[in-house]
Amino acid sequence: MTTPSIETRNLTIRFGGHAAVNDVTCAFRPGQLTVIVGPNGAGKTTYFNLISGQLTPTAGSILKDGRDIAALSPSARAKAGIGRAFQLTNLFPKLSVLENVRLAVQARHRLGPRLLRAAGSFGVLRDEAMRHLEATRLAEVAHMPAAALPHGDQRKLEVALLLAMEPDIFMFDEPTAGMSVDEAPVILELIAAIKQDCSKTILLVEHKMDVVRALADRIVVLHNGELVADGEPDDVIALPIVREIYLGVPAGEEAA
Ligand SMILES: Nc1ncnc2c1ncn2[C@@H]1O[C@H](COP(=O)(O)OP(=O)(O)O)[C@@H](O)[C@H]1O
Ligand SMILES: [Mg+2]
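Rules used in this analysis
- For every chain, the first residue of its written sequence is number 1, and the numbers climb from 1 along that sequence.
- To label them, take the chains in the order written and letter them from A, then take the ligands in the order written and number them from 1.
- Only residues with pLDDT of at least 70 get local features here, since the model is predicted, and only at 80 or more are side-chain atom pairs given and counted; chain-wide, interface and lining totals rely on the full set of residues.
- Here a helix means four or more residues in a row that DSSP labels H or I, a strand means two or more in a row labelled E, and each is numbered from the N terminus.
- Counting other C-beta atoms within 10 Å of a residue's C-beta gives its exposure: the residue is buried at 20 or more, exposed at 12 or fewer, and partly exposed in between, where C-beta atoms are placed from the backbone.
- Any two residues are considered in contact once their C-beta atoms, placed from the backbone, lie within 7 Å.
- Throughout this description, the term nonpolar core refers to a group of buried Ala, Val, Leu, Ile, Met, Phe, Trp, Tyr and Cys residues whose C-beta atoms join them within 7 Å.
- Each domain span listed reflects an automatic or database assignment of domains.
- One bridge is not enough; two strands pair if DSSP finds at least two bridges between them.
- Lines fitted to C-alpha atoms define the axes here, with helix axes fitted over just the stretch in contact, and angles between the N-to-C directions of these axes take values from 0 to 180 degrees.

It is worth spelling out the environment of phenylalanine 172 at this point. Inspection of the secondary structure assignment puts phenylalanine 172 in strand E7 (residues 169-173). Residue classification places phenylalanine 172 among the buried residues on the basis of 25 C-beta atoms within 10 Å. Phenylalanine 172 sits 127 residues away from threonine 45 along the chain, and the two C-alpha atoms are 9.8 Å apart. In contact with phenylalanine 172, other than residues within four places in its own chain, are Ala85, Ile191, Leu204 and Val205.

Structure follows, in structure tokens:
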């Protein structure tokens, strides 16, 4: 087995007396897309916030490629390859969509001074940004101010910014939430395309069962902050707890 690219050990965070993430030990490997499911309030977003560094755990550890990343700030974690699509807080709302993505591309090129000299010309950065906009079907709105985009396009822009970072770990938290039925497939195709690159690790929080079935190599179930199931999609989907979450069938009653 390959070394996990990201791993949590006994990861726990308490808010007051409530453990939103409770003793979660789980390892994720390159080339694998793991869907994380669970009812509202299960701790899925909190788990992501702990990994990306927005929240500090009460107990436990997080390892990237085997190294503890507790001391790293969220931006240091992003530079280390942990990619999280964020709601538009890190955008420049008055700049165009293209400028925003170009700045993200430039930030990544800056990580290596030699790379900046070799590939840092404005045109090269802009071309690379444009490729991400084409991939996310945003080329037509490239020159609109980012803040003027309709909701579905804003969610696509989050994905374009994530692509520009070229992370090792892609974390998507309900990426198609609030999208129209014709917009969602663009994002899902993109995630499927990222999956073709076997060096990438993908964590996806998603509710729609057809999406889960189409993309998941593995499903992890969180419930009340605890990891309650982890395995092959067919096996996990068949579990009573998952049937209860998704079909509203109370566990033990589906045979009735
Ligand atoms: N910053 C916070 N302060 C207090 N409680 C929080 C905070 N963030 C999340 N929670 C609580 O943690 C639990 C898990 O929330 P969340 O991770 O958002 O669930 P999910 O994403 O699975 O719907 C919820 O009970 C939520 O109210
Ligand atoms: Mg959530």
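Let us keep going from here.
The next point concerns the nonpolar core. Judged by nonpolar contacts, the single largest core of 58 residues is most densely connected at Ile51, Val101, Ala160, Ala164, Leu204 and Ile219. Among the elements that line this core, the one with the most residues is helix H6 (residues 151-165), at seven residues. Lining this core are residues from two domains, each supplying at least three of them: domain 1 (1-81 + 168-256) and domain 2 (89-166). With near-sequence residues (within four places) excluded, alanine 160 lies in contact with Val101, His132, Leu133, Thr136 and Leu138.

One key point about sheets: their strands pair by backbone hydrogen bonds, in either a parallel or an antiparallel sense. Taken together, six strands build an open sheet; the order of strands is E6-E7-E8-E3-E9-E10 and the sheet is mixed. Strands with a single pairing partner mark the edges of an open sheet, and in this sheet they are strand E6 (82-84) and strand E10 (226-231). Direction aside, neighbouring strands of the sheet carry axes that sit 20 degrees apart on average. As defined by bridge partners, strand E9 (residues 218-223) adjoins E10 across five bridges and the pair is classed as antiparallel. Across the sheet, histidine 223 pairs through a bridge with glutamate 226, a residue of E10.

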